[in-house]
Amino acid sequence: MRKKFVENYESMSDEEIAALINSGSYELLPIIIERYLPRILYFVKKYCGENDSEDAVQEATIALYSAVRDYDSEKSSFATFASLCIRRSVISVLRASKRRKDIPDELLSPYEDTVISEADSPEKIFFDRENYRALTDNIKLELSGLEFKVLQLYLSGNKYIDIAKELDISEKSVDNALLRIRKKLKDK
C-alpha cells in the first residue's frame with residue numbers, strides 16, 4: 001500500500017509537493033523529508049562531523065518543514081530555499097553547541113548550587129562567593145536591565161529567537177543588546 005502511495009508522487013516536483021503540504025496534505029511530508037535527507041546529512045557531516053549530529057539532523061528536519069511552510073515560488077526554487085534553511089539550522093546548532101562548551105559551568109547555574117569539594121577551605125569558599133557576587137554586581141551596574149536579562153538567557157544557551165520570545169523583543173534587539181554587552185564588558 002505504501003509503495004503505491006509513494007509512486008504516485010515520485011514524478012511530482014518539490015514545489016508541487018510543498019504546495020500540496022501547505023494545502024493540508026501533511027501525509028506528503030515524509031516524501032519531501034526522504035528527498036532531502038541526503039542533503040540534511042551532507043550539511044550535518046560538513047559542519048558538525050560527529051559532534052551533535054543527532055540534534056543537527058532533528059533541527060535540519062524541522063527547518064525543512066519550515067521551508068515547506070514558508071516557501072514562496074516567486075523568489076527562488078524550493079531546492080535552493082530548502083538548502084539554505086537546512087544549512088542555516090545546522091550552523092545554528094553548531095554555534096549553540098560551541099557556545100555551551102565555552103561557558104564555564106559556574107556561570108550556567110547559580111553559584112550556590114555548584115558542588116564544593118572537601119579540599120576547599122571555608123575561607124576560600126567564602127571569598128569565592130564574595131568575588132562572584134562582586135563580579136555579578138559590577139556586571140549589573142554596567143548593563144541595563146534588558147542587557148542583563150539578555151546576557152543571562154544567552155549564557156544559559158538560549159538561541160536569539162528564544163531570547164526574543166522570552167523578553168518580547170525582536171531578534172535584532174537581542175543581537176544589538178549582545179553587541180552592547182560585549183563592548184561594555186570588553187572595555188572593563
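Scroll up for the structure.
Parameters at a glance
- Residues numbered from 1 in each chain as written.
- Predicted model: local features only at pLDDT ≥ 70, side-chain atom pairs only at ≥ 80, totals over all residues.
- Heavy atoms only, no water.
- 1 Å grid on protein atoms, 1.4 Å probe; cavity = no way out; pocket = protein on both sides within 12 Å on 5 of 7 lines; lining within 4 Å.
- Points joined across faces, edges and corners; volume = space filled by probe spheres on them.
- Helix = DSSP H or I, 4+ residues; strand = E, 2+ residues; numbered from the N terminus.
- Nonpolar A, V, L, I, M, F, W, Y, C, P; charged D, E, K, R; others polar.
- Axes fitted to C-alpha atoms, helices over the stretch in contact; angles between N-to-C directions.
- Left-handed = near helix turned anticlockwise from the far one by under 90°.
- Contact = heavy atoms within 4.5 Å.
- Phe/Tyr/Trp six-rings, centres within 6.5 Å; stacked < 30°, edge-to-face > 60°.
- Buried < 20%, exposed > 50% of the residue type's maximum accessible area, 1.4 Å probe, protein only.
- Polar contact = N/O pair within 3.5 Å; in protein donor to acceptor, adjacent residues only side chain to side chain.
- Expected span 1.5 Å × (residues − 1).
- Arc of directions from axis to C-beta.

(A) Here's a closer look at the layout of surface pockets. Its boundaries defined by the atoms lining it, the largest pocket holds a volume of some 940 Å³. At 11 residues, helix α5 (residues 78-102) tops the list of elements feeding residues into the lining of the largest pocket. Along the lines of polarity and charge, the residues of the lining of the largest pocket split into 10 nonpolar, three polar and 11 charged.

(B) Region of the structure containing the packing of helix α2 (residues 14-22) against helix α3 (residues 29-47). Where α2 meets α3, the axes come as close as 9 Å, and the angle between the chain directions of the two elements is 145°. The hand of the α2/α3 crossing is left-handed. Contact residues: α2 offers D14, I17 and I21, while α3 offers L29, I31, I32, R35 and Y36. For the contact of α2 with α3, the per-class residue count stands at six nonpolar, no polar and two charged.

(C) Here's a closer look at the packing of aromatic side chains. A complete count under the given rule lists six aromatic pairs for this structure. Residues Y36 and F78 carry aromatic rings whose centres are separated by 5.5 Å and whose planes lie at 85° to one another, so their mutual orientation is edge-to-face. Taken together, the positions of Y36 in helix α3 and F78 in helix α5 put the pair 42 residues apart, joining distant regions of the chain. Take Y36 and F78: they sit in the same class, and that class is buried. Between Y71 and F78, the aromatic rings sit 5.3 Å apart at their centres with planes inclined by 85°, giving edge-to-face as the arrangement. You'll find Y71 and F78 in the same group, each marked buried. In this structure an aromatic cluster arises from ring pairing among Y36, Y71, F78 and F81.

(D) Up close: the environment of S23. Position of S23 among the secondary structure elements: in the loop between α2 and α3. Sequence spacing of S23 and R69 is 46 residues, and the spatial spacing of their C-alpha atoms is 9.8 Å. Here L20 takes part through its backbone oxygen, which lies 2.8 Å from a polar atom of the side chain of S23.

(E) Fine view of the side chain of S89. Assignment of secondary structure puts S89 in helix α5. Residue S89 is classed as buried on the basis of its relative accessible area, which comes to 12%. S89 has contacts with E59, A60 and A63, leaving out every residue within four places of it along the chain.

(F) How the structure looks around unusual backbone geometry. The phi dihedral of D168 falls on the positive side, at around 60°, and the residue is not glycine. Relative to the helices and strands, D168 resides in the loop between α9 (160-167) and α10 (171-187). Taking the relative accessible area as the measure of exposure, D168 reaches 71% and is therefore exposed.

(G) Quick peek at helix α4 (residues 53-70). Here α4 is 18 residues long and its end C-alpha atoms lie 25 Å apart, about the 26 Å a rise of 1.5 Å per residue gives. Along α4, the residues that are buried comprise A56, A60, A63, L64, A67 and V68. Mapping the buried residues of α4 onto a view down its axis gives an arc of 145°, with all of them on the same face. In α4, the exposed residues that point more than 90 degrees away from the buried face are E54 and Q58.

Function cannot be read off these values alone, since they describe shape.
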